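# Report on the structure
Each chain, written out:
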Amino acid sequence: MRFNLPKNDKKYHWTQHCIRKMMFYGLTADRIKRVVRNPKRVEKGVAENTTAVMVPGANRNKPSEIWSMYQQKGSRKVIISAWRYPGVSPVGKQILIPADILEELKKDGIME
């Protein structure tokens, strides 16, 4: 399967971190845009001034969730990260993000 790199436009800006995670989890730009536009659940993101949104995965036998974290800057959404969560995450509780991901976000200047 060939991965098409998402293009920055007037509505969306894609970080390198997000692009790497999309490649790792096999997520497309259209799928992430759909998650951002029509989320099933909205939570406060772990980074400052961010929003995390989720939709359930398609496979009923193996439940998962597709998450995306973005920051609104004017009329543009900066897509910071995207990931597939195995299982069903607890509602209203902050999702535990692995230490290596947090370090990568800090290194990229997304989190402080």
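Refer to the structure printed above.
Residues numbered from 1 in each chain as written. Predicted model: local features only at pLDDT ≥ 70, side-chain atom pairs only at ≥ 80, totals over all residues. Heavy atoms only, no water.

### A short note on the side chain of serine 64
- By the element assignment, serine 64 lies in strand E4 (residues 64-73).
- Every residue in contact with serine 64, bar those within four places of it in the chain, is listed here: Pro56, Gly57, Arg84, Tyr85, Pro86 and Gly87. (Helix = DSSP H or I, 4+ residues; strand = E, 2+ residues; numbered from the N terminus. Contact = heavy atoms within 4.5 Å.)

### Points about a positive patch on the surface
- Among the surface-exposed residues, Lys10, Lys11, Arg34 and Arg37 lie close enough to one another that they form a single positively charged patch.
- Its location among the elements puts lysine 11 in the segment before strand E1 (12-14). (Patch = residues over 30% accessible without salt bridge, like charges linked within 9 Å, V, L, I, M, F, W, Y side chains within 5 Å. Areas by Shrake-Rupley, 256 points an atom, 1.4 Å probe, with all protein chains shown as cover. Salt bridge = Lys/Arg side-chain N within 4 Å of Asp/Glu carboxyl O. Lys, Arg positive; Asp, Glu negative; His and termini not counted. Charge placed at Lys NZ, Arg CZ, Asp CG, Glu CD.)

### Points about the packing of helix H1 (residues 16-25) against helix H3 (residues 99-107)
- At a closest axis distance of 10 Å, the pairing of H1 and H3 adopts a crossing angle of 145 degrees. Residue-level inspection shows His17, Arg20 and Lys21 of H1 in contact with H3, the latter providing Ile101, Glu104 and Leu105. (Axes fitted to C-alpha atoms, helices over the stretch in contact; angles between N-to-C directions.)

### A look at the side chain of threonine 50
- Counting through the fold element by element, threonine 50 comes out in the loop between strand E2 (41-44) and strand E3 (51-56).
- Using a relative accessible area of 7% as the deciding quantity, one classes threonine 50 as buried.
- Of the polar contacts made by the side chain of threonine 50, one reaches the backbone oxygen of alanine 47; its length is 2.7 Å.
- Discounting chain neighbours no more than four positions away, the residues touching threonine 50 are Lys44, Gly45, Met69, Tyr70, Gln71 and Ile80. (Buried < 20%, exposed > 50% of the residue type's maximum accessible area, 1.4 Å probe, protein only. Polar contact = N/O pair within 3.5 Å; in protein donor to acceptor, adjacent residues only side chain to side chain.)

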